[in-house]
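Chain residues, written in single-letter form:
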Amino acid sequence: MVSDTNPHFEDVDAETVDELLEQMVRIRRFEEGVLDEFSEGSVPGFVHLCHGHEASHAGMGVAMQPDDWLAVGGSRLHGQYIVKGVPFDEIMAELFGKATGPNGGKGGSMHLADVDRHLYGHAATIGSGQNPAAGLALAQQMRETGNVVLSTIGDGGTSRGSFHTALVFAAAWNLPVVYIIENNGFAISYSTQQQVGIDSLADYGKPLNIPSYSIDGSDPVAVYETISEAITRAREGGGPTLVESRVTRLRGHFEGDKQAYRTEEEARESNAERDPVTNFQERVIEAGHITAEAYDALVDEIDDEVGAAIQFAKDSPDPAPSTAYEDVLRLPLYGQGEGDA
Amino acid sequence: MVSDTNPHFEDVDAETVDELLEQMVRIRRFEEGVLDEFSEGSVPGFVHLCHGHEASHAGMGVAMQPDDWLAVGGSRLHGQYIVKGVPFDEIMAELFGKATGPNGGKGGSMHLADVDRHLYGHAATIGSGQNPAAGLALAQQMRETGNVVLSTIGDGGTSRGSFHTALVFAAAWNLPVVYIIENNGFAISYSTQQQVGIDSLADYGKPLNIPSYSIDGSDPVAVYETISEAITRAREGGGPTLVESRVTRLRGHFEGDKQAYRTEEEARESNAERDPVTNFQERVIEAGHITAEAYDALVDEIDDEVGAAIQFAKDSPDPAPSTAYEDVLRLPLYGQGEGDA
Amino acid sequence: MRELNQVQAIREALDEELERDETVYLSGEDVGTFGGNFGETQGLVDKYGTERVRDTPLSEIGIVGHALGASIGGLRPVAELQFADFAATAGEEFINQIAKMPYISGGRLKAPMTVLAPSGAGIRAGAQHSQSVHAWTGHQPGLVVVAATTPYDAKGLLKSAIRDDNPVFVLAHKKLMGFKGEVPEEPYTLPLGEAVVEREGEDVTVVATQRLYHRSVEAAEELAEDVSVEIVNPRTFSPLDVETIAESVRKTGRLVVVDETPLRYGTQGYIASRIADEEFFSLDAPPRTVGVEDTPIPFSPTLEDEVIPSTSKIVDAIESVF
Amino acid sequence: MRELNQVQAIREALDEELERDETVYLSGEDVGTFGGNFGETQGLVDKYGTERVRDTPLSEIGIVGHALGASIGGLRPVAELQFADFAATAGEEFINQIAKMPYISGGRLKAPMTVLAPSGAGIRAGAQHSQSVHAWTGHQPGLVVVAATTPYDAKGLLKSAIRDDNPVFVLAHKKLMGFKGEVPEEPYTLPLGEAVVEREGEDVTVVATQRLYHRSVEAAEELAEDVSVEIVNPRTFSPLDVETIAESVRKTGRLVVVDETPLRYGTQGYIASRIADEEFFSLDAPPRTVGVEDTPIPFSPTLEDEVIPSTSKIVDAIESVF
Ligand SMILES: Cc1ncc(C[n+]2csc(CCOP(=O)(O)OP(=O)(O)O)c2C)c(N)n1
Ligand SMILES: Cc1ncc(C[n+]2csc(CCOP(=O)(O)OP(=O)(O)O)c2C)c(N)n1
Ligand SMILES: [Mg+2]
Ligand SMILES: [Mg+2]
């Protein structure tokens, strides 16, 4: 449920509110575009959409500096790519499996990586990205880059032990990493928190004395503030933070999920009350921060960008089949072709 | 450090004190025998001795019913086999790799399993036994056997995520299982608790609302009482318990460990102050529970049994080489040799 | 005869075994109300309840690790993985625990558990959701590894796996889930550890399973005018029924081994080498292997189609031995 | 020339690379004051400090998982496993993460990490501490897998692994830790991806590595009066230098592949099948394979010695091709 104080944007400056709003709308409109294209069969494989996670993604994205790293987790991915600054064209092209995607079509929706933007990419085996994130953080620490690493995971993923091991390493080495659990109440159909019986997933940080917070992830300002604080702590050598960002999954796990495990009422209810985008939009307009016209113009502008990205993806060439054999290893191997030295 | 209240055996009946004492002495004398034989080269491979863990093993062993299951963890194993009731002869023969060992020499020191005594055996890959223990517990629950499963792990092993996953399953399914962390302060040379920064390893149970206790594992009575309570809770449908049993590793991790990571003083100190066997022995004698003579007679009797076990192991035949190819699979496979049915 | 698709065949096998033996239970992610990743457990929770059809937390270590213990404790668990690739997340459990505990115990422990998972490529799911894992799991002594090619196989092999006293890993193929085939109404099981000659021929033996079996049949049809192709479906990859393949090669004198595992240390080389060793003097041509040429499975359709052996690659391989 | 044992050779390699490149660091269980499982990191923490020689909590997922991220973040991690068997506990990291992330990213990510571990049997350590894991890890496209046979190999290959831009898994052999051999004083590296003809011969090619290389040398000596044995040491198992082996077989016409991995889907069959395919008409006899006959490694010395190929088994295999 979106909390009453959402958004308490009085606390943050107008520019940040603008950014948060824009990022949220960018995510939603992009995903609507993906949904259309998926329904028409243009997007291969399966897609998981971010509806309901926009505030969480936006808050975290706006809190990061461009050189901070993001290791993407959970199944709500596109919004995370977007807030890390990857252009729509590129994301869409990768989703379409085209040569112009950042990964030349080898990755797709689940695997977008953009090293130049410090986007690590995703372990589509849910919960396998957190230890690499710890290692990325160690690299920042040892190389004294001043950068921080953010790493997301879903509520479901927290049942995998690899997540706990990552917390252990982060605590032991006081790493500059922020772990964010996006708790949307479901691992596909399983209600992790309820069925496992844990009051708050943030509690997982407590045994290790990792500062831990549970926040309303539908409130972009709350997310922005908590993550900003965690990033600052990490940057100043204060070590890891664990944040549970409570969100709602407004659609099925993947497109096509019939959600037999969820009452229709529940699904409807959530759409009305818990949609962070309409909620934030209404309140910023109500508060006079932005006019309804300006908001509509923003949406139109973004829709144009989405449309252009779809066109770009459609117009882009498929990767050449021979590229399938590239990038397996960097060749020649060390010393290869030179004989015993 | 052995706590001041150790042993507060006033709380338990005399018979239980006897049993605890006897089990502790059995473990210590057995291990001394193993040490001698290992030093003389009769025991193949490497050995990890239980010195310092005797009270923890005895307390847990005496608390169990014969039909309760034990899934052995950590590296202090022989004492756990002993308290589960495996005769010295059999353990020693398995350590020697002889045909008369319960596992015909296939297992050795690290892998003794005795299904008839409900001893599951050991995952010598530290920390891999806890999920099987959860499954064993599920079998008890579904089959309504009324048995409980105990599963030990070292402090080091708690860094492996598989342990946390086992806690998650145990909590989710309210399983009749007791996890016991034998915290001896070291994973070989690494001080897990200190270096990872956790106040008590029992805290790992708290996020999941698993009843969690941290006890002086050098006090056999404290162990007996806490584990008994946990077993009763599990047997009555009250679900899992997590117990941190704080012990001292009186010797190196394995025989031959030079312990460069430990000051000599520390090692000496621990021997004097933290030895649970001499400590319990002195106090039970002091309290008039047993006379010094009777104690010595007990030791002699056990030593004879150890000697006989060594002799048995020495006299036993090596396994026939051809048995190496047995027990890989149970053959024929289902339907094999019968054609499509 | 009645036709079922692979999903229906699997569901029927599960249903029948749950019905037959009360020590059998099913567990895995979303096997309950959700009905299983491909619908293969639909309706079972309503029929057998949440005790015997158990949703699990998201952890394959928990799923197959607990199943090992449960099997030793007297149950017959069927543990489901949503994708066979996730076996790697429980690599330790497969390699060091499930495969070895019975052996280590000198045969004292019995682990009659089944792991069920869909493997293989073709659904545009990318590198971590598209692998064929029967080479690296079949390489571990102590595991029985089975791959289903038809709905008939899927049902019969899964039922036998559940009844078998060893840990059995049963691999359906994702891309065959909707594939239909004849499945008798009467209950039946299929023997584990036995290959079957699916198509008789005189000139060349093709060993193939799962999706590439069907492509091999296409290849055989295409070549039918010139070449008489015999096709052997191993069904069980571990242990492997080498004798049935050898017998075929003694007749045909030629061998092409086709499988979806990566070639390096995959299934193909081992099969070919066993024949090269045991039937060297029966062979009239070099044994050929066809598989994934040592790349991960890429996402893009163009790329994925490139790395999975096509019918025409199989045709080429067959032609190359003449 | 100076002689070192394998432990000393490894330590020297680590020392030199830590010295040469400040982005190199070492991590693993007990690599600090304890000095490493076999003494291979002794003294390094005193020289380089606890930042660059890092003890880790007990988790291989943490050890190799963090190393992947660190390598992408610009460091060159050397991650140590106390036993190669424990790679299975990080099966997911090896198979789905380390091997695949560079590919998935279309080459954008670079993962210049090294994992160092002792493999193989012979020290009476039982089924979970005695395995040879280069078949199942070498089967995963995206990993470089290297096995050291001599101290010379160990040092040269480890140094190259650290400098290489791919994830490299370097396997020393536990039973060879005290084995001595010549190691030059001058710094050197050895090429990855290249096999080497260690012993020239005319009549039969034996492919062997690690402990079984040394047994193959013994076998060759034993047979020296009758048979001239050429021995090829692959050094790198993934990718495999097939050409050097093929070249040898073109000369000798006979092949015996010896390795400690279990035979089913092990290294031996693949190597034999590549030669059977590419050099069918050079072969005068069936290619033979020698390995662990699909059992876990038992503890008891009698049993362990039974399952690990002995010199006389290698002799028999060589004799069987004449
Ligand atoms: C290791 C692993 N197991 C199972 C899956 C299949 N799967 C994909 S997403 C998902 C649910 C994830 O739930 P959660 O972590 O809460 O993320 P969300 O989908 O809610 O964003 C599952 C089970 C997977 N991808 N990886
Ligand atoms: C998965 C795994 N990693 C590493 C090892 C090597 N090893 C054996 S015992 C041990 C330390 C175990 O420490 P702890 O769990 O505290 O048990 P203790 O030895 O203190 O009884 C290590 C690292 C192992 N056996 N398994
Ligand atoms: Mg979720
Ligand atoms: Mg310990």
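Predicted model only: the values in this text are computed from it and were never measured.

(A) Expanded view of the coordination of the magnesium ion (ligand 3). Residue and element names in this part refer to chain A. The protein atoms that coordinate the magnesium ion (ligand 3) are D155 (OD), N184 (OD1) and F186 (O), at distances spanning 2.0 to 2.1 Å. Mapping the donors of the magnesium ion (ligand 3) onto the primary sequence gives the spacing D-x28-N-x1-F. The two residues N184 and F186 agree in class, both being buried.

(B) A negative patch on the surface, seen in detail. All names here are of chain A. Where like charges cluster on the molecular surface, the negative patch consists of D13, E15, D18, E19, E22, E293, D296, D300, E301 and D304. Secondary structure elements with two or more residues in the negative patch: α1 (14-39) and α11 (292-315). At 5 residues, the largest contribution of residues to the negative patch is made by α11. Note that D13 resides in the segment before α1. Taking the relative accessible area as the measure of exposure, D13 reaches 48% and is therefore partly exposed.

(C) Representation of the packing of aromatic side chains within the structure. Applying the stated criterion across every chain yields a total of 28 aromatic pairs over all chains. Each ring, one from C:Y152 and one from C:Y188, has its centre 4.8 Å from the other, and the planes form 15 degrees; the classification is stacked. Of this pair, C:Y152 sits in helix α7 (residues 151-163) while C:Y188 sits in the loop between β8 (180-182) and β9 (196-199), and the two are 36 residues apart along the sequence. Linked through ring pairs, A:F46, C:F38, C:F83 and C:F86 together constitute an aromatic cluster. Taking NZ or CZ as reference, A:R26 lies 4.0 Å from the ring centre of A:F88, over its face.

(D) How the structure looks around the relation of the copies chain D and chain C. Turning chain D through 180 degrees and shifting it by 0.0 Å along the axis lays it on chain C, with an RMSD of 0.0 Å. As the rotation angle and translation indicate, the two copies are arranged about a two-fold axis. With an isologous cut-off of 70% or more, the 100% of interface residues of chain D that recur at the interface of chain C puts this contact in the isologous class.

(E) Quick look at the site of ligand 1. Surrounding ligand 1, one finds 22 residues, the nearest of these being A:S75, A:D155, A:G156, A:N184 and C:E60. Chains contributing residues to the immediate surroundings of ligand 1 are chains A and C. Taking A:N184, its side chain carries an N or O atom lying 2.7 Å from an oxygen atom of ligand 1. Contact with the protein chains removes 97% of the 580 Å² of surface that ligand 1 exposes when unbound. Looking at the shell around ligand 1 residue by residue, the class counts come to 7 nonpolar, 10 polar and 5 charged.

(F) Region of interest: the interface of chain C and chain B. The partner chain B presents 47 residues to the 53 residues of chain C that form the contact. The contact between chain C and chain B buries some 4100 Å² in all, and 61% of this surface belongs to carbon and sulfur atoms. Along the contact surface separating chain C from chain B lie 1 salt bridge. Here C:R108 and B:D114 are joined by a salt bridge, their closest N and O atoms 3.0 Å apart. Elements that contribute at least two residues to the side of chain C that touches chain B include exactly α2 (44-52), β3 (53-55), α3 (60-72), α4 (91-98), α5 (101-104) and α7 of chain C. Examining the composition of the side of chain C that touches chain B, we find that 9 residues originate from one element, α3(C), more than from any other. Tallied by class, the residues present in the side of chain C that touches chain B amount to 22 nonpolar, 18 polar and 13 charged.

(G) Here's a closer look at the site of ligand 2. Neighbouring residues of ligand 2: 22 residues in total, closest B:S75, B:D155, B:G156, B:N184 and D:E60. More than one chain reaches ligand 2: the nearby residues come from chains B and D. Here an oxygen atom of ligand 2 sits 2.8 Å away from a polar atom, N or O, in the main chain of B:G156. Measuring from a nitrogen atom of ligand 2, one finds a side-chain N or O atom of D:E60 at 2.6 Å. When the free accessible area of ligand 2 is taken as 580 Å², the share hidden by the protein chains comes to 97%. Residues that form the shell around ligand 2 fall into these classes: 7 nonpolar, 10 polar and 5 charged.

(H) Highlighting the interface of chain D and chain C. Tallying the contact residues gives 53 residues for chain D and 53 residues for chain C. Roughly 4600 Å² of surface becomes buried between chain D and chain C when both sides are summed, with 64% attributable to carbon and sulfur atoms. Counting the surface chain D buries against chain C, the share from its top three residues, D:H139, D:R264 and D:Y265, is 20%. The tally of links from chain D across to chain C stands at 2 salt bridges. Salt-bridge contacts for C:R288 lead to D:D277; the nearest nitrogen and oxygen are separated by 2.2 Å. The interface formed by chain D and chain C holds 22 residue pairs in polar contact (both at pLDDT 80 or more) in total. Every element with two or more residues in the side of chain D that touches chain C is listed here: α4 (91-98), α5 (101-104), α6 (134-138), β12 (236-238), β13 (255-262), α10 (267-278) and β14 (288-292) of chain D. By residue number, the principal contributor to the side of chain D that touches chain C is α10(D), which donates 7 residues.

(I) The arrangement of the domain arrangement of chain C in detail. Residue and element names in this part refer to chain C. Looking at the assigned domains, one finds that chain C contains domain 1 (3-182) and domain 2 (196-320). Of note, the centres of domain 1 and domain 2, computed from C-alpha atoms alone, are 26 Å apart. Taken together, the contact pairs 30 residues of domain 1 with 26 residues of domain 2. Across the domain 1 to domain 2 interface the summed buried area is about 2100 Å²; carbon plus sulfur atoms make up 55%. Among the residues domain 1 hides against domain 2, the three largest losses belong to R124, H134 and T149. Together they make up 29% of the total. Scanning the region where domain 1 abuts domain 2 turns up 3 salt bridges. The residue E304 makes a salt bridge to R124 at a minimum N-O spacing of 2.6 Å. On the surface where domain 1 and domain 2 come into contact, there are 19 residue pairs in polar contact (both at pLDDT 80 or more). Elements supplying a minimum of two residues to the side of domain 1 that touches domain 2: α6 (134-138), β6 (144-147), α7 and β7 (168-173). Top element by residues in the side of domain 1 that touches domain 2 is β6. It accounts for 4 residues. Residues belonging to the side of domain 1 that touches domain 2 are distributed by class as follows: 16 nonpolar, 11 polar and 3 charged.

(J) Quick look at the pattern of salt bridges. Per the counting criterion, the structure on display carries 76 salt bridges over all chains. Linking D:R274 and D:E278 is a salt bridge whose minimum nitrogen-to-oxygen distance equals 2.7 Å. Of this pair, D:R274 and D:E278 both sit in helix α10, 4 residues apart, roughly one helical turn. What makes D:R274 partly exposed here is its relative accessible area of 26%. On the basis of relative accessibility, which here comes to 39%, the residue D:E278 falls in the partly exposed class. Look at the salt bridges and you will find they share partners, linking C:R2, C:E12, C:E16, C:E17, C:R20, C:K155, C:K159, C:R163 and C:E185 into a network.

(K) Fine view of the coordination of the magnesium ion (ligand 4). All names here are of chain B. Here the magnesium ion (ligand 4) is held by D155 (OD), N184 (OD1) and F186 (O), and the distances to it run 2.0 to 2.1 Å. Here the donor residues of the magnesium ion (ligand 4) are spaced in sequence according to D-x28-N-x1-F. Look at N184 and you get buried, because its relative accessible area is 8%.

Calculation rules
Residues numbered from 1 in each chain as written. Chains lettered and ligands numbered in written order. Predicted model: local features only at pLDDT ≥ 70, side-chain atom pairs only at ≥ 80, totals over all residues. Heavy atoms only, no water. Donors = N, O, S within 2.8 Å, 3.2 Å for Na, K, Ca; no water. Buried < 20%, exposed > 50% of the residue type's maximum accessible area, 1.4 Å probe, protein only. Patch = residues over 30% accessible without salt bridge, like charges linked within 9 Å, V, L, I, M, F, W, Y side chains within 5 Å. Areas by Shrake-Rupley, 256 points an atom, 1.4 Å probe, with all protein chains shown as cover. Salt bridge = Lys/Arg side-chain N within 4 Å of Asp/Glu carboxyl O. Lys, Arg positive; Asp, Glu negative; His and termini not counted. Charge placed at Lys NZ, Arg CZ, Asp CG, Glu CD. Helix = DSSP H or I, 4+ residues; strand = E, 2+ residues; numbered from the N terminus. Phe/Tyr/Trp six-rings, centres within 6.5 Å; stacked < 30°, edge-to-face > 60°. Lys NZ or Arg CZ within 6 Å of the ring centre and 35° of its normal. Least-squares fit on C-alpha atoms with pLDDT ≥ 70 in both. Contact = heavy atoms within 4.5 Å. Near = heavy atom within 4 Å. Polar contact = N/O pair within 3.5 Å; in protein donor to acceptor, adjacent residues only side chain to side chain. Nonpolar A, V, L, I, M, F, W, Y, C, P; charged D, E, K, R; others polar. Buried area = accessible area lost by both parts, 1.4 Å probe. Domains from an automatic or database assignment.

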